[in-house]
Every structure is written in structure tokens, then in C-alpha cells.
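Read off the chains here:
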Amino acid sequence: MATLTVNGVKVTVDDSFKTLSAEDQEATVNEIAQQMAAGGRGSRPKRSGGIAGGVRSVARGALGIGSYLDELNAATNATLAPLVDPMLPDQGYEKLPGATWGERYDQALGIQRRKDDEFDNDHPYVSTGLKIAGGVGSGGALLKAAPVIGNYALGNTGASTGARLISAGGSGAATGLVQGFGAGEGGATERAKQAGIEGLTGAVVGPALMPVAAGANKAVSALTRKILGESNDALSSMTDQARKYVVNELSDPSKVARYRSSLDDLGPEAMLADVSPEWLGVARGAAARPGTGGLIVDPLNERAGLANTRLRSDVETSLGPDPVPSRIDASLRDSQGQVARQYGPVMAGREPYDFTPITDDLDHSVSTLRGDAQRRLQQVRTMMNDFGENNVSADPSVAFQTRQAIDGMLTTETDDKVIGALTEARQMIDDGLRASVPRIKEVDAQYHELARQREALGQGRPILNNEASAMRPVELDQALNAGALPEGMMVGPSGVPTRMRQGALGEVYRAIGTQANDTNALRKVVRGEGDWNREKLGMLFGQEPADNVLNAIDRETVFGDTTNRVTRGSDTAMGTRFNQFLDEVAKGQEVPSDATIAGTTARLARSIIKRMVQGNAETNAGKLAEDIGKLSVATGTSRDQIVEAILQRGQKNVIDQQRQATVSGLIRGGGLAGYSSLPGVRN
């Protein structure tokens, strides 16, 4: 089949037309023209135009599928013609009288393409504009329905300028190939030829639209700022370049939200460098740069110097003031001395007592025991006699002094057998004293309670140790419960648990006083390696106060780690990204050699200009390091305002990027739909 254009109308003729001579071909064309003029195609409606033509142009602009709509319509009409044509009037409608589907399809396709050509010829600018509108609409719809696919299809991807150019060129070429193949007429060869033409055109048009899209996005951004107004926040005083780096590199809203939560947990002294690897890199990079090191290092060192004060305040608020166990022990010892003086009046009213049953029992034990146990018990037995005599004393004061002597022996004795023998002897003598001096047990109870408290104070000190002998939480629980029970004639709970708490708390304060400058060591002492210390502190002081103290130690550990990594030169790679940025700024722009006069004067002038540019660049880099570095070590209200500003600008930046993608997509969609109207693309 061949297609002729007669009087602006495309007419399909049989392939035999090509075999006719030039004269016969001309005659055939003239005959067709006469028939058309005479109304031979009287069933053809007036030239295509109006709303219908405009709608068709918009549809033809739809990316990818627009150039296939004429064939889709022709196929639909060819299929429905046998059913629909008999119901249509003869005037005003172009019917499809073909006997076969193929004939009807060719007739319908000729009608579709004639209508499109008529509208393009009659309204070239309107048609092009409507096609662009169709491309914009279809591009926007694709971005909304499938953003990922849409961005790839419209060449809206790539991080660097080069990658974006490649993406734009590739999408333009692909769109051109698809649209060109659909717009081609004739067989596969002609279609492939048209696809190649439009693919090459799209590969050029796609990248060419990038500056247009960038300019449009800038205009939209400016209009948005004009309508909404510029915000005056904590970043407003920074240079544009510094603010741009913060917004582009350090303002991911999801990360900033996490950082803000961590800062709230750490308290007002926390810095962005404590909670963000990126901001730690900024602090490290700024600290390593000449001229700005003090702005970063001084706040960190000042904060580190107050670690002990902060920790003591937190511990005092949560657990109480420093008990100073040595002072408590001295006070308990003095109280024991006062209680001991009560033995005098009590013993003054003593009555003689027969202690021979006790000494007889001791004599029997001495005769059966051997070794140190026998020797010690022999000493006790001798003590029960009147001084210088071989008879048992009936004076309870002798028995009292003997019991005191046994207590002294027990404090240094380590042999279990000796301890057992002495303990049994003491109990017998104590029973005799109870019988002979009834009030002595009242004083004993007071003295024993103070002794228990002194012992508990000592037991509290190693509660948090991490050695093999560390007390287990269950053991501490048992000790606290047993220690609270009174012994002897005492009434009410014992002070043993209180003394154990004071002993443990004293160790916490001791660790703070000696390890605050090494927070990792402090953390190891108080927190330990596992959960035991947290659990034991909870038993002693309540879980919430214990957690508050441990969290304070964790906080100071974070602060100390930040200070070490920034000020002591560790983690030099941490500041690489920020340093690279500063180094690029510090390089400045190269002065082109053709910008100066020739010869020696040219080289001298170029050297001077280069030094001036380099000096300005170094100054600019120093200003950037100062502006951005200070943000990383801000604290308190200033820090909160900075974080809020970064979060808000980061959210706006995301919106700007989304808008930029949309604007770029819409412009590329319109451009790729409208390039077909360029001269020579579609004849």
C-alpha cells in the first residue's frame, strides 16, 4: 500500500500505483482530486479541528503511547465497523466499506492520520502546545502513580551532574525510539528509520531540558519563599555556603529526629557531636584546622572538667549525699564505747554464781581436743579461775572478761576447729552471765547491734565489685532481708541494711572522685560488665534512682569518648568528608593563564592574583569551619534551636527535592512530547 497527499489529504492507493508511468500517476492523482472536489468523498466530514482536534493533540502528546493512538483507534474502528456503519447516516460520517478487516483498518488509519495532519496544518502552534500539555500531564501522572519508574523513565535520576546527563540522555533516547516507532508509516523498515531519527533527537533534547528544568525549579522555589517568607532561625546568620552544606549533607529529617531524641536523653550538656557520627566528623575536622581548633576543643575540655561535679550532683539527687563510710564507722565505734561504759553499772549489782558446770565442760573438752584448739581452750579455762588460784571464780565479772577475751581471739582466728571450740565456750559463758547478771543482755544487745552495723558497713563496700568474689543479687537480697531482723533483746528493724547502702554509696562516690576523668573506668567500676550491678543498686536504692545514676555515668562516658576522639587526634578518618569539603573550598579557583598579559609580566601577575584568590579561599574555608564546627559543640538552648532549624530546613529540603523531581519530570515530559514538532523530525 502507498499513501498520497492530495490537496492536504492523505489517500491510500494500491501498490500497483508505483508501477504506473509518471503520466499515468499524475492522471490518477488529478482524477482523485477531481473526485474529491466534486464530492466523490462526499461522506467525508469537514476538516478536522475544534475541540475534537485539540483532544486528539493532547492524547498524541502522551509519552510513549501517544504516537500509537491512531493505529489503536483504526484497529477499534475496523473491528466495530460491520456493526456500527449500517446504523450511521450516509452524510457526515466516514464509513469503512472494506470487505476485509485489513481493508477497513487501512481506510480507518488513513482517516485518523488525515485528521491529525489537518489539525497540525491548520493550527501548528496550538497543536504543538497541546502535545506538550499531553506530555506534561502523562509525565505527572506517571510520577504520581509510580514515582520510581517515572523518575527513571523521565531521566530524573543520578547524584552527580554527569550521571544526570546520562540519565536524561538515556530516557530521551528511549522515549524517542518508542514514540518514533509508533509515528512511523509503512513497514518495519520505515518505522525503524523514524525510531532512529526520534531516538537521536530525544537523546539531545533530554539533556538540553536540564537547565530549563533547573531554572523553572529555581523560579518555583523563589515564588514559594516569597509567598511563605524566609524563616529567621539559628542557621540564618551562617554564610550561604555553610548553610547549604548543613542542609544538603547533615539535615536528613529521620536522622535529625533520632539525634534530637538522643540529645534529650543525654541532657542539656549534650552536643550534636555526641550523638551523630557525621557531626562528630565535623567537630574532628574543624578541630584539626588551624584557627578553629580552640572553638571546638575549649567547649569540650570545659565540659569534661565539670564531669565530676555533674556526676556528684546526679548521684546526690538520686541516691543521697556522700555518707563517707570512715566517718560513719568512727561514729559507730564511739557509740560502742559509750555502750561499753554501761557494763560498769550493770556489773555493780552482780551476785556470785557457780560457774563450775561450765568449767567442768571446758575441762572435758580440753582433755579430748588436740593442737591449737586444745591450747586455746586451755587458755580460756585458766581465765575462769581466780587470779593466781586453781579454783573456779564465782565472780561474774571474771566470766565477763573471759567472754571479752574470747571475742578478741575470734577476730584474728582463721582455724575453723579453733573457731568452733571458742564459739561453743563463749556461748556457755554467755549463758552463765545471763543467769548471773540479767540486765547484761540489754547492754549486749545494743553493743551487738552496733557491731552488726559496723560489719554491714564493711560488707557494703565490695557489693559492686566485679571480682570472682562479687556478691550475687540473690545473695544481697538474702543479706538485706536477714540484716533487717533484730537480734537479742533489740526491738524493731536493724540498721544493717542502711549501713550496707551507705557502704555501697560511699564506694560510688569514691569511684567518682578517683575515676571521673576516665569515664570508661568509672563505668566499669559502678556499672560492671553485666546486669548484676544495676540489679543490686536497684535493691539498695530503688530501681528508678539506680537507673538515673547509671544513665548519668553512661552520659559522661559518651561525653568523655567524644572529647577523646576530637581533641586527642584519634579517628582521623572521622572528619574526612568535612575536611574534603573544606579543602575544596580552600583551593579556590584557578586563574586562567590567558587572563593576564604575556611573558614575565603575565607570570608575575598570575602569581599575585593566584595568591590573592588562594588567600581569600583559605579565609572562606576557615569561616566555613568556624560556622559549621560551632554547631557541632553547641549545648543547651542554643543546641536545641540549632537542631530545630536543621530539622525544619531538612524537611523543606526534602520537599524541595520532591518538587524539583516533579518540575523536572513535568518539563521533560512536555519537552519529549513536543520535540516531534521540530523541523525535520516528522515530515
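Quantities reported herein were computed from a predicted structural model and do not represent experimental measurements.

1. As for the overall build of the chain
Assigned secondary structure in the chain consists of 29 helices and two strands. Residues classed as buried in the chain amount to 40% of the 683 residues present. A fraction of 73% describes how many contacts in the chain between residues 6 or more apart in sequence connect residues 24 or more apart. Entry remark: accessible area of the chain is about 35900 Å², with carbon and sulfur atoms responsible for 55%.

2. Observations regarding the nonpolar core
Looking at soluble globular proteins, one finds that nonpolar side chains tend to be buried together. Counting 31 residues, the largest nonpolar core has Leu362, Leu377, Val380, Ile429 and Ile440 as its most contacted members. Of all the elements in the fold, those that place two or more residues in this core are helix H15 (325–340), helix H16 (343–348), helix H17 (356–368), helix H18 (371–383), helix H19 (396–412), helix H20 (416–436) and helix H21 (440–460). With residues near it in sequence (within four places) discarded, Leu377 still touches Leu362, Ser365, Val366, Leu369, Ala421 and Ala425.

3. Observations regarding the environment of Ala504
Along the chain, Ala504 turns up in helix H23 (residues 496–515). Along the chain, Ala504 and Leu457 lie 47 residues apart, while their C-alpha atoms are 8.1 Å from each other. Ignoring sequence-local partners within four residues, the contact set of Ala504 consists of Gly460, Arg461 and Leu540.

4. Observations concerning a nonpolar patch on the surface
Taken together, the side chains of Leu80, Leu83, Val84 and Met87 define a hydrophobic patch exposed on the protein surface, amounting to about 410 Å² of accessible area. With respect to the element layout, Leu83 can be found in helix H3 (residues 69–84).

5. Notes on the environment of Leu362
One can find Leu362 in helix H17. Remark: the alpha-carbon pair of Leu362 and Thr382, spanning 20 residues in sequence, is separated by 9.9 Å. Contacts of Leu362, omitting those with residues within four sequence positions, involve Leu377, Val380, Arg381, Met384, Ala425 and Met428.

6. Brief notes about the packing of H3 against helix H4 (residues 101–122)
Relative orientation of the contacting elements H3 and H4 amounts to 135°, with a least axis distance of 8 Å. On the basis of their axis angle, the class for H3 and H4 is oblique. The chirality of how H3 crosses H4 is right-handed. Two secondary-structure elements touch here, H3 through Asp70, Glu71, Asn73, Ala74, Ala75, Asn77, Ala78, Thr79, Ala81 and Pro82 and H4 through Trp101, Arg104, Tyr105, Ala108, Leu109, Gln112, Arg113 and Asp116.

7. Quick look at the packing of aromatic side chains
Scanning the model with the defined rule gives three aromatic pairs in all. Taking 5.3 Å as the distance between ring centres and 15° as the angle between the ring planes, the aromatic pair formed by Trp101 and Tyr105 counts as stacked. A residue pair is termed a helical-turn pair when its members lie 3 or 4 positions apart in one helix, as Trp101 and Tyr105 do in helix H4 at four residues. Exposure remark for Trp101: the relative accessible area of 40% places this residue in the partly exposed category. Centroid distance Tyr343 to Phe400: 4.7 Å. Interplanar angle 45°. Geometry classified as tilted. You can see Tyr343 sitting in helix H16 and its partner Phe400 sitting in helix H19, a full 57 residues away along the chain. With respect to burial, Tyr343 and Phe400 carry one shared label: buried.

8. Looking at the pattern of salt bridges
Scanning the entire structure with this criterion turns up 33 salt bridges. Between Asp444 and Lys441 there is a salt bridge, with its nearest N and O atoms 3.0 Å apart. Here the residue Asp444 and the residue Lys441 both occupy positions in helix H21, the gap between them amounting to three residues, near one helical turn. Like Asp444, the residue Lys441 is buried in the burial classification. Note that Arg639 is salt-bridged to Asp640, the shortest N-O span being 2.7 Å. One salt-bridge network, in which partners are shared between bridges, spans Arg403, Asp430, Asp431, Arg434, Lys441 and Asp444.

9. Thoughts on the side chain of Glu413
Mapped onto the elements of the fold, Glu413 is located in the loop between H19 and H20. Polar contacts involving the side chain of Glu413 include one to the main-chain amide nitrogen of Asp415, which spans 3.0 Å.

10. With respect to helix H24 (residues 519–526)
Listing the buried residues of H24 in full gives Thr519, Ala521, Leu522 and Val526. Looking straight down H24, one finds that the buried residues subtend no more than 155° of arc, so they occupy a single side. Considering only its buried residues, H24 is in contact with helix H14 (307–319), H23, helix H25 (532–541) and helix H26 (543–567). Positioned one or two residues after H24, Gly528 has a phi angle of 80°, which is positive.

11. Comments concerning a negative patch on the surface
A cluster of acidic side chains, namely Asp354, Asp360, Asp361 and Glu424, defines a negative patch on the protein surface. Within the secondary structure layout, Glu424 lies in helix H20.

12. So, the confidence of the model for the chain
Per-residue confidence for the chain averages 80 on the pLDDT scale, and 79% of its residues sit at or above 70. Here residues 570–575 scores under 50 on pLDDT; set against residues more than four positions off or in separate chains, the count is 13 contacts. Confidence drops under a pLDDT of 50 for residues 588–602, and excluding neighbours within four residues, the segment shows 16 contacts in the predicted structure.

13. Describing the packing of H25 against H26
Two numbers describe how H25 lies on H26: the axes approach to 7 Å, and their chain directions differ by 130°. With respect to each other, H25 and H26 are oriented oblique. Like other packed secondary-structure pairs, H25 and H26 cross with a definite hand, here right-handed. Along the contact surface, H25 presents Arg534, Glu535, Leu537, Gly538 and Phe541, while H26 presents Gln543, Pro545, Ala546, Asp547, Leu550 and Asn551. Across the contact of H25 with H26, the residue classes tally to five nonpolar, three polar and three charged.

14. Considerations on unusual backbone geometry
In this structure, Val324 is a non-glycine residue whose phi angle is positive, near 50°. Within the secondary structure, Val324 is located in the loop between H14 and H15. Judged by its relative accessible area of 22%, Val324 is partly exposed.

About the criteria used
The residue count restarts for each chain, going from 1 along the sequence in the order it is written. In keeping with the predicted nature of the model, local features appear solely for residues at pLDDT of at least 70, side-chain atom pairs appear and are counted solely at 80 or more, and the whole-chain, interface and lining totals rest on all residues. Side-chain calculation: all heavy atoms of the structure are included, whereas hydrogens and water are not. Strands here are runs of E lasting at least two residues and helices are runs of H or I lasting at least four, both read from the DSSP assignment and numbered beginning at the N terminus. When accessible area is computed with a 1.4 Å probe and restricted to protein chains, residues below 20% of their type maximum are described as buried, those above 50% as exposed, and intermediate ones as partly exposed. Every residue pair with non-hydrogen atoms within 4.5 Å of one another is taken to be in contact. The accessible surface values rely on the Shrake-Rupley method and a 1.4 Å probe; as for residues, cover is taken only from the protein chains in view. Residues enter a nonpolar core if they are buried and are Ala, Val, Leu, Ile, Met, Phe, Trp, Tyr or Cys, with the set joined through side-chain atoms within 4.5 Å. Note on patches: the residues involved have over 30% relative accessible area and no salt bridge, like charges join within 9 Å, and the nonpolar side chains Val, Leu, Ile, Met, Phe, Trp and Tyr join within 5 Å. Any Lys or Arg side-chain nitrogen found within 4 Å of a carboxyl oxygen on Asp or Glu counts as a salt bridge. With axes taken as lines fitted to C-alpha atoms, and helix axes fitted only over the stretch in contact, angles between N-to-C directions fall between 0 and 180 degrees. The cut-offs work like this: below 35 degrees is roughly parallel, past 145 is roughly antiparallel, 65 to 115 is roughly perpendicular, and the gaps in between are oblique. Definitions for this section: a left-handed crossing has its near helix turned counterclockwise from the far helix by less than a right angle. A right-handed crossing has that turn clockwise. Aromatic rings from Phe, Tyr and Trp, with only the six-membered ring used for Trp, were paired whenever their centres fell within 6.5 Å, and each pair was classed as stacked if the ring planes differed by under 30 degrees, edge-to-face if by over 60, and tilted otherwise. N or O atoms within 3.5 Å of each other form a polar contact, as long as, within protein, one can give a hydrogen and the other can take it, and as long as residues adjacent in sequence are counted only when both atoms are side-chain atoms. Within this analysis, the arc is defined by the directions that extend from the helix axis to the C-beta atoms. The convention is simple: Lys and Arg are positive, Asp and Glu are negative, and His and the chain ends are not counted. A single reference atom marks each charge: NZ on Lys, CZ on Arg, CG on Asp, CD on Glu. Each residue carries a pLDDT score, the predictor's own confidence in it, on a scale running from 0 to 100. In this count, Pro and Cys sit with the nonpolar residues alongside Ala, Val, Leu, Ile, Met, Phe, Trp and Tyr, while Asp, Glu, Lys and Arg are called charged and the others, Gly among them, polar.

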